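# Structural description and commentary
Chain by chain, the residues run as shown.
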Number of protein chains: 2
Amino acid sequence: MQNISKEDYLSTIFRNLNPEGKIKPGLIAGKLSISSAAVTDMLRKLSAEGYIIYERYKGIALTSEGENYARNMVRRHRIWEVFLNKVVGMPWDKVHEEANRLEHSSSDDLINRLEVMLDFPEYDPHGDPIPSRDGKMPKIKRQKPLSELEEGESGRVIRVNDSDENFLGYISKLGIMLKENIVIKKKIMFDESLEVSIKGKSWNISSKLAQNIFVEVKRD
Amino acid sequence: MQNISKEDYLSTIFRNLNPEGKIKPGLIAGKLSISSAAVTDMLRKLSAEGYIIYERYKGIALTSEGENYARNMVRRHRIWEVFLNKVVGMPWDKVHEEANRLEHSSSDDLINRLEVMLDFPEYDPHGDPIPSRDGKMPKIKRQKPLSELEEGESGRVIRVNDSDENFLGYISKLGIMLKENIVIKKKIMFDESLEVSIKGKSWNISSKLAQNIFVEVKRD
DNA sequence: GAAATAATTTAAGCATACTTAAAAATATTG
DNA sequence: CAATATTTTTAAGTATGCTTAAATTATTTC
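No experiment lies behind these values; they were computed from the predicted model shown.

## Observations concerning the pairing of strand β7 (residues 201–205) of chain B
The side chains of a regular strand alternate, residue by residue, between the two faces of the sheet. Residue and element names in this part refer to chain B. Summarising the sheet, strand β6 (residues 193–198) and β7 pair through 5 bridges and their orientation is antiparallel. Residue pairing in the sheet places I198 in a bridge with K201 of β7. The hairpin formed by β6 and β7 contains 2 residues between the paired strands, and K199 there has a positive phi angle of roughly 50°.

Laid out in structure tokens, this is it:
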């Protein structure tokens, strides 16, 4: 393929499929910050090249070729993230952007070598699962956003949204990291913010923040 | 800048300046495998942006801004090469191509971190010097191509041309690597090939091959 | 130093990936 | 279920970085 734009489209489609395995053009346009018209254009090309199934005004689905390609892009991205974080020592709020560029510029051979160096990691620094060389995804633990916990409950962080550098930088300052325990001390109804306790310290965090932090669900 | 093409132009110009600090369009076109017309186009843009000094039908020179940009690209490329070779374990004949892509996709912060991990290397796996963070070049030893040695002379390899993967793969099989000693046993006048001895084994190598292997010059 | 050769530039054109604006199809709402 | 709102597509246009062919300038050779 050898095309940054197309790789970004496939990756975005893959990461945002709904439970039926479909996605609408508008969502792609939003994620990539481009016009819907540009998306329509590209969808026709991706369809012609056999990566997606697309009929105008219908939802978009990946072909198995497209899915393989996209999954490999996600793999590249997340292996780079682990590498940058663990080996190079970059903070977790910087690795996403760097990996966004590196993922398009590395051979599969390089990615495989990095994976070996890292001893086959299963999750990236934000808790997202890393597809294996043969396309298998590791098991994902049951999880829900912090915002859905009740007063008095607590949860162990197992994933955070990786797409916003400022968000990650901010929650780091609160002491939030993977495996950290967070206690919901109070839910403020007025603005749906939360009073939480992390490592013995109390903080008030907004609803939006809480929606992007995911904790393990012990039982349903 | 944020532009792979322009970065490749600047890099190519920098690497191929003549002793007067100039280069002709045709050479750039050759190195980049594109038409001279395309080069003329781009030279106007690079000139408008202040990276080069260019008047039609005159030679091209880098401005100090262009030189800094280009030197930094070379730095990125060579640090990646060392990293891929030393840390990731890629063979020296594979690192150039991989670095050619990575050099456009990495932040200065990442490069600086890699440099620290590598303990500030001065030469890449092919013997080319690595510009430091503040733009200084390490000393280069006096050198000449193997093809210029006389019968009976010998030389220690300190640099090889890095641009051809097959060339590097081939000379590796002959046991040629940096710091290796090569003895010229015989110069064959008919085709200017050389009979050489490496690690006690004899080989016949072509003139073209010998022109791309550089040995240390002890005295002039 | 004029003629022949080589290098460079100009001109016209192409594919790509985007844009905005208008048209068409779909989804929502009263 | 018809009117309205939203989403998607089409149409026309742009910047970029290339191409080939022709014209121009520089260089080499005799």
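That covers the picture; the talk isn't over yet.
## A few points about the domain arrangement of chain A
Residues and elements named next belong to chain A. Partitioning chain A into structural domains gives domain 1 (4–62), domain 2 (73–139) and domain 3 (143–216). Counting from both sides, the interface comprises 12 residues of domain 2 and, opposite them, 13 residues of domain 3. Summed over both partners, the interface of domain 2 with domain 3 buries about 960 Å², with 53% contributed by carbon and sulfur atoms. On the domain 2 side of the interface with domain 3, the three residues burying the most area are W92, D93 and H126, jointly 56% of the side's total. Linking domain 2 with domain 3 are 2 salt bridges. Note that K94 is salt-bridged to E165, the shortest N-O span being 2.9 Å. The set of elements that each furnish at least two residues to the side of domain 2 that touches domain 3 consists of α4 (64–87) and α5 (95–102). A breakdown of the residues in the side of domain 2 that touches domain 3 according to their chemical character gives 2 nonpolar, 4 polar and 6 charged.

## Section: the side chain of H77 of chain B
Residues and elements named next belong to chain B. In this structure, H77 sits in helix α4 (residues 64–87). Of the polar contacts made by the side chain of H77, one reaches the side chain of E81; its length is 2.8 Å. Every residue in contact with H77, bar those within four places of it in the chain, is listed here: R15, H96, A99, N100, E103 and D162.

## Overview of the packing of helix α1 (residues 4–15) of chain B against helix α2 (residues 25–32) of chain B
Residue and element names in this part refer to chain B. Between α1 and α2, the least distance of the axes is 10 Å, while the angle of their chain directions is 115°. Of the two elements, α1 crosses α2, and the hand of that crossing is right-handed. Only I28, K31 and L32 of α2 make contact with α1, whose side of the interface consists of D8, Y9, T12 and I13. For the contact of α1 with α2, the residue count by class is 4 nonpolar, 1 polar and 2 charged.

## Observations regarding the packing of α4 of chain A against helix α6 (residues 108–117) of chain A
All names here are of chain A. One way to put it is that α4 packs onto α6 with a least axis distance of 10 Å and a crossing angle of 45°. By the angle between their axes, α4 is oblique relative to α6. By crossing handedness, the relation of α4 to α6 is classed as left-handed. When α4 is examined against α6, the residues N72, R75, R76, I79, W80 and F83 are found in contact with a partner set consisting of D108, L110, I111, N112, L114, E115 and M117.

Parameters and conventions
Residues numbered from 1 in each chain as written. Chains lettered and ligands numbered in written order. Predicted model: local features only at pLDDT ≥ 70, side-chain atom pairs only at ≥ 80, totals over all residues. Heavy atoms only, no water. Pairing = 2+ DSSP bridges. Helix = DSSP H or I, 4+ residues; strand = E, 2+ residues; numbered from the N terminus. Domains from an automatic or database assignment. Contact = heavy atoms within 4.5 Å. Buried area = accessible area lost by both parts, 1.4 Å probe. Salt bridge = Lys/Arg side-chain N within 4 Å of Asp/Glu carboxyl O. Nonpolar A, V, L, I, M, F, W, Y, C, P; charged D, E, K, R; others polar. Polar contact = N/O pair within 3.5 Å; in protein donor to acceptor, adjacent residues only side chain to side chain. Axes fitted to C-alpha atoms, helices over the stretch in contact; angles between N-to-C directions. Left-handed = near helix turned anticlockwise from the far one by under 90°. Parallel < 35°, antiparallel > 145°, perpendicular 65-115°, else oblique.

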